[in-house]
Amino acid sequence: MKTKQSTNGLLYFREHLSCENYMTDTSTGFKYIKFDEGTSIEEEYAHKNYLLFFLKGDFFVYCNQYCNHRFHSNEMVILPKSSMVKISAKAKSQMLAMAFDIPQSNCDKLLFQGLTSICADMEYNFDPIPIRYPLMPFLETVIHCLKNELNCKHLHDVIQREFFFLLKGFYKKEEIGTLFHPIVGKELEFRDFVMQNYTKVSNLDELITQSNIGRTRFFIKFKEEFGMTAKQWMMKQLNKRILGKVTEPGICVKQLIEVCNFESEAQLYRYFKQQFQCTPKQLIKRHQAENCDL
């Protein structure tokens, strides 16, 4: 027997909006996302763990060393905190994202502790697990609330707890282990250390020294975490800072030396010739002119 879907909208919207628990920041909890053809989401440093529920269409996901993995509707996968992430869709698609830290309730902590031995014997390949009953109607309810702007932080907390209850009740431990493998018993301190300190050092050697990790181990761990060599990544971040700085009004060569942590103007000129095929003054002039045209 078919049931008629409710078309009810949110009642007393102003009361919800004026409540101190109404969420205007969507950095935690659930978020419903619709993709148009050819659009993408990119995040260089994920500040939360993200559980992605793919609802409609096909998605292509980059996550650290896992490149361009394809996911389909009715699948879900975890993106761990501190990841470099890009999600794209070739056609109109829909997904639900749940941003969360490691669960704090005793019940959910026991769930994660129980997965440690399972994950230790598992070869992880960024594989999804299926979305099946009773998660399907549960997610429909979540989306209905979000579409109607029922956005209380307490509701998000309750929904997250309910999700973990349903997962524990209707999924095998091996499936849950496959889903949460990237965040079970994993140390995220290395990536956090790099993100917090790479702008404070003059070169890669200083960063290695501060990490208290052997040089060889540092390079191996860096490649595993960031998907490229430490030198390539550091250069990429420096170039981004330079390109952001040259658009600022009144920027001068001396300030660029400070941004790059270079010792001399000659060192700065050599770097610019190598990376941008021009002098610092030429790059500043080019980007200032582009801003004027805008």
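These figures come from a predicted structure and were not determined experimentally.

**A closer look at the sheet that holds strand β2 (residues 40-43)**
Here's step 1: Read across the open sheet, the four strands follow the order β2-β7-β4-β5; overall the sheet is antiparallel. The open sheet has two edge strands, β2 and β5 (66-71), and neither has a second partner. In this sheet, neighbouring strand axes are inclined to one another by 10° on average, regardless of whether the strands run parallel or antiparallel.

**Description of the sheet that holds strand β3 (residues 49-56)**
Here's step 1: Read from one edge of the open sheet, five strands run β1-β8-β3-β6-β9, paired in antiparallel fashion. Each having just a single partner strand, β1 (29-35) and β9 (129-130) make up the two edges of the open sheet.
Here's step 2: Note: strand β6 (residues 75-79) against β9, two bridges, orientation antiparallel. Looking across to β9, one finds that Glu75 is bridged to Pro130.
Here's step 3: With respect to the sheet, helix α4 (residues 153-170) is in contact with β1, β3, β6 and β8 (93-100), its orientation differing from that of β8 by roughly 100°.

**Some points on helix α8 (residues 215-226)**
For the α-helix, the turn length of 3.6 residues means that residues three or four positions removed from each other point alike.
Here's step 1: The terminal C-alpha atoms of α8, which comprises twelve residues, lie 16 Å apart, in line with the 16 Å expected from a rise of 1.5 Å per residue.
Here's step 2: Two residues or fewer past α8, Gly227 is found with a positive phi of approximately 75°.

**What about empty space enclosed by the protein?**
Here's step 1: In total, this model carries one cavity of 30 Å³ or more according to the counting rule given.
Here's step 2: Taken together, Phe30, Val142, Cys145, Leu146, Leu150, Leu155, His156 and Ile159 form the lining of the largest cavity.
Here's step 3: Of all elements in the fold, only α3 (135-147) and α4 reach the threshold of two or more residues within the lining of the largest cavity.
Here's step 4: A per-class count over the lining of the largest cavity returns seven nonpolar, one polar and no charged.

**Observations concerning the environment of Gln288**
Here's step 1: Within the element layout of this structure, Gln288 appears in helix α12 (residues 280-293).
Here's step 2: Put simply, Gln288 and Val246 are 42 residues apart on the chain and 7.4 Å apart in space, counted from C-alpha to C-alpha.
Here's step 3: Excluding residues that lie within four positions of it along the chain, Gln288 makes contacts with Val246, Thr247, Glu248, Pro249 and Ile251.

**Regarding the nonpolar core**
Here's step 1: Ranked by internal contacts, the top residues of the largest apolar core, which has 33 residues, are Leu51, Phe53, Met76, Leu96, Phe163 and Phe180.
Here's step 2: Secondary structure elements with two or more residues in this core: β1, β3, β6, β8, α2 (106-120), α3, α4 and α5 (173-180).
Here's step 3: With six residues, the top contributor of residues to this core is α3.
Here's step 4: Residues within four places of Leu51 in sequence aside, it is in contact with Met76, Val77, Ile78, Leu96, Ala97, Met98, Phe100, Phe163 and Leu179.
Here's step 5: Formed by 21 residues, the second largest nonpolar core is a distinct cluster that contains Phe35, Ala46, Val61 and Ile87.

**A short note on unusual backbone geometry**
Here's step 1: In this model, Tyr133 is joined to Pro134 through a cis peptide bond whose omega is 10°.
Here's step 2: For Pro134, the position within the fold is in the loop between β9 and α3.
Here's step 3: Of note, the phi angle at Phe126 is positive, near 60°, even though the residue is not glycine.
Here's step 4: Counting through the fold element by element, Phe126 comes out in the loop between α2 and β9.
Here's step 5: Residue Phe126 is classed as buried on the basis of its relative accessible area, which comes to 1%.
Here's step 6: Positive phi outside glycine occurs at Glu149, with the angle close to 65°.
Here's step 7: Structurally, Glu149 is set in the loop between α3 and α4.

What counts and what doesn't
- Residues numbered from 1 in each chain as written.
- Predicted model: local features only at pLDDT ≥ 70, side-chain atom pairs only at ≥ 80, totals over all residues.
- Heavy atoms only, no water.
- Pairing = 2+ DSSP bridges.
- Helix = DSSP H or I, 4+ residues; strand = E, 2+ residues; numbered from the N terminus.
- Axes fitted to C-alpha atoms, helices over the stretch in contact; angles between N-to-C directions.
- Contact = heavy atoms within 4.5 Å.
- Expected span 1.5 Å × (residues − 1).
- 1 Å grid on protein atoms, 1.4 Å probe; cavity = no way out; pocket = protein on both sides within 12 Å on 5 of 7 lines; lining within 4 Å.
- Points joined across faces, edges and corners; volume = space filled by probe spheres on them.
- Nonpolar A, V, L, I, M, F, W, Y, C, P; charged D, E, K, R; others polar.
- Core = buried A, V, L, I, M, F, W, Y, C linked by side-chain atoms within 4.5 Å.
- Buried < 20%, exposed > 50% of the residue type's maximum accessible area, 1.4 Å probe, protein only.

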